[in-house]
Amino acid sequence: MHSVLRVIHRIFQAAARVSLVPFLLCCLTFRGSCEESLPARLDPANVLKGKVRGSYVLASNDNSMHVQFVITNAYDETLDGYAAMLGDLEIILARSPSHKRSFHLTAANIVHASRYNANSGNLTIDPGDSLILGVQWDFVDDNGDDLRQDVFHYTVD
């Protein structure tokens, strides 16, 4: 206990040797500088633009629709942070809403992401850059109905 008191006494002696003038000048100089208020924070609007692209693929080994979702950074600054990359998508046939196909989206659906770290889940999108998610639909709905057989009406071109 006695040695602790000696250490504290030495600290006070060293502090007494330091001039208090610079400290007091700093206090007087910065005393009035914090009286201004900051402007109200306004969150930006329309940060992201989105569009859907679809293409029909007919080949000897493929008869499906490829759907892509393009999400573009429309803001003038880089967006950076954790992105869960989880969501659900539902395609519903407009003329027959009972036919629908549901997809669960994950990071596996990423077609293009120039700066996505799959290990950390961090996504960085520069201004004008895009994230593209895609799915492939074989025209079989959630009920197991093949729309190519049951719904679509094919004619000779």
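That block above? That's the structure.
Residues numbered from 1 in each chain as written. Predicted model: local features only at pLDDT ≥ 70, side-chain atom pairs only at ≥ 80, totals over all residues. Heavy atoms only, no water.

Enquirer: So what exactly am I meant to see when it comes to the overall build of the protein chain here?
Expert: Of the regular secondary structure elements, the protein chain holds 3 helices and 9 strands. Buried residues in the protein chain amount to 22% of all 157 residues. By sequence separation, contacts in the protein chain at least 24 residues apart represent 55% of the contacts at least 6 residues apart. Counting every atom, the protein chain has about 12100 Å² of accessible surface; 57% of that belongs to carbon and sulfur. (Helix = DSSP H or I, 4+ residues; strand = E, 2+ residues; numbered from the N terminus. Buried < 20%, exposed > 50% of the residue type's maximum accessible area, 1.4 Å probe, protein only. Contact = heavy atoms within 4.5 Å. Areas by Shrake-Rupley, 256 points an atom, 1.4 Å probe, with all protein chains shown as cover.)

Enquirer: Would you mind showing me how to read the sheet that holds strand 1 (residues 48–59) here?
Expert: Strands pair in a sheet through their backbones, by hydrogen bonds, and they do so in one of two ways: parallel or antiparallel. With respect to topology, 4 strands assemble into an open sheet ordered 1-2-9-6, the strand pairing being antiparallel. Each edge of the sheet is formed by a strand with only one pairing partner; in this case those strands are strand 1 and strand 6 (110–113). This sheet shows a mean twist of 15 degrees between the axes of neighbouring strands, independent of strand direction. Where strand 1 lies against strand 2 (residues 62–73), 12 bridges are found, and the strand directions are antiparallel. Within strand 2, the position partnered with Ser55 by the bridge is His66. (Pairing = 2+ DSSP bridges. Axes fitted to C-alpha atoms, helices over the stretch in contact; angles between N-to-C directions.)

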